[in-house]
Amino acid sequence: MIQSTYSHVRRLVAEKTKIEDELTAVKQKLHQQSTANAQHFMDIESVFNHAAAQKVWDHFTKAQRKHIDQWKRQTTDIKLQNLEDLLKERIEDEMEMDSEEMDSEKPHEESTEKNLELNEELAKVQEDKQKLQEEVEMLRNQLQATNNEMVSSKDENEKKITALSDTYQLMQQNYLETKKKLEETVKEKMASVSREIVSLDKQQGGGNCASASGAVTESEARLVSLIATFLNVHPLGASIDYICSYLVKMDRNINTRDVENLMMKFNTVFKEESTGIGATLEKKWIFYGYKFYTSPSSESVF
């Protein structure tokens, strides 16, 4: 029975040793993983710091900036927690070593100094944590100020766009009103010219105009008024082709011969003149208004 008890004790001691070895291996693995995590957190924090630079920060939207800010805070908290765990682990290891050293009669002062150093390092980590939290808060305030500035700038731009739109609509309305007035004025002048030409034609009963005309139709009066208006803005005269190109835009049935005959009919209003010699010969029709010529046919070249 004593031998059986001794065997059981040896088995328990062996199991304890095995468990302690496994625990040591797990602690080492945990320490390695925590160290690797700390390095990863440093890399992640570096990425967030680069993202917070002004040139890069401007490329993110408001929602993206909010997420980045939140992720950075979470990463900072996890990093600090990981550092605290590492320090606690180191303190525990040092305390275990101190216990072993005390058991082996090592000086107690050395253990106390190490504990003080670890406590100072832990306090430093906590101070760094506080600084990081303050930095995160400052970045959050800057982000809020930037968002407020963007909203204010957007409202101001919208007001400017509205003012420009109103100004454009007013200018367009003024343009349409002016255009309408000009069209009415042109119509009135054309009608007046037409009436005066018809009246003049009736008064010139003994001239070439009376001998060639007879009754003046509405179509002829309209063409005469259009030609007179066109030549009035061309005081140096215009060729028959140029005049017809203007009239065709309003009536496609007009031809050069009819227009020329009509102008010859009203030879007290229109006169054809020739300039140049030979190849440089050029014929132009000129608007003479209400000047009377003794023999207009002798001065015209047909």
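Residues numbered from 1 in each chain as written. Predicted model: local features only at pLDDT ≥ 70, side-chain atom pairs only at ≥ 80, totals over all residues. Heavy atoms only, no water.

An unreviewed UniProt entry lists the protein chain under the name Ecto-NOX disulfide-thiol exchanger 2, with Oedothorax gibbosus given as the organism.

Examining the nonpolar core
In terms of nonpolar packing, the biggest core is built from 21 residues, with Ile227, Leu231, Ile243, Leu247, Val259, Met263 and Phe270 touching the most fellow members. For this core, the secondary structure elements donating two or more residues are helix 6 (218-232), helix 7 (240-248) and helix 8 (256-265). Tallying contributions element by element places helix 6 first for this core, with seven residues. Non-local contacts of isoleucine 227, meaning those with residues more than four positions away in its chain, are made with Ile243, Leu247, Val259, Met263 and Phe270. (Core = buried A, V, L, I, M, F, W, Y, C linked by side-chain atoms within 4.5 Å. Buried < 20%, exposed > 50% of the residue type's maximum accessible area, 1.4 Å probe, protein only. Helix = DSSP H or I, 4+ residues; strand = E, 2+ residues; numbered from the N terminus. Contact = heavy atoms within 4.5 Å.)

With respect to the packing of aromatic side chains
Taken as a whole, this structure holds three aromatic pairs when the rule is applied. Ring geometry for phenylalanine 230 against tyrosine 246: centres 4.7 Å apart, planes inclined by 20 degrees, an arrangement best described as stacked. Here the residue phenylalanine 230 occupies a position in helix 6, and tyrosine 246 occupies one in helix 7, the gap between them amounting to 16 residues. With relative accessibility at 25%, the residue tyrosine 246 sits in the partly exposed group. With 6.1 Å between their ring centres and 50 degrees between their planes, phenylalanine 270 and phenylalanine 287 make a pair best called tilted. Residue phenylalanine 270 is located in strand 1 (residues 270-275), and its partner phenylalanine 287 is located in strand 2 (residues 282-287); the two are separated by 17 residues in the primary sequence. Residue phenylalanine 270 is classed as buried on the basis of its relative accessible area of 1%. Cluster of aromatic residues (ring-pair linked, three or more members): Phe230, Tyr242 and Tyr246. (Phe/Tyr/Trp six-rings, centres within 6.5 Å; stacked < 30°, edge-to-face > 60°.)

Focus: the confidence of the model for the protein chain
With 82% of its residues at a pLDDT of 70 or more, the protein chain has an overall mean of 76. A low-confidence stretch, residues 206-213 (pLDDT under 50), is modelled with twelve contacts involving residues beyond four sequence positions or located in other chains. Residue range residues 292-302 is modelled with pLDDT below 50. Its contacts to residues more than four positions away, or to other chains, number 19 contacts. (pLDDT = per-residue confidence, 0-100.)

Brief notes about helix 6
For helix 6, which comprises 15 residues, the first-to-last C-alpha distance of 21 Å matches the rise-based estimate of 21 Å (1.5 Å per residue) to within 8%. Of the positions making up helix 6, those classed as buried are Ala221, Leu223, Val224, Ser225, Leu226, Ile227, Ala228, Phe230 and Leu231. (Expected span 1.5 Å × (residues − 1).)

Looking at the packing of helix 7 against helix 8
Between helix 7 and helix 8, the least distance of the axes is 10 Å, while the angle of their chain directions is 110 degrees. The angle between helix 7 and helix 8 falls in the class roughly perpendicular. Across the interface between the two elements, Ile240, Asp241, Ile243, Cys244 and Leu247 from helix 7 touch Thr256, Val259, Glu260 and Met263 from helix 8. Here the residues of the contact of helix 7 with helix 8 sort into six nonpolar, one polar and two charged. (Axes fitted to C-alpha atoms, helices over the stretch in contact; angles between N-to-C directions. Parallel < 35°, antiparallel > 145°, perpendicular 65-115°, else oblique. Nonpolar A, V, L, I, M, F, W, Y, C, P; charged D, E, K, R; others polar.)

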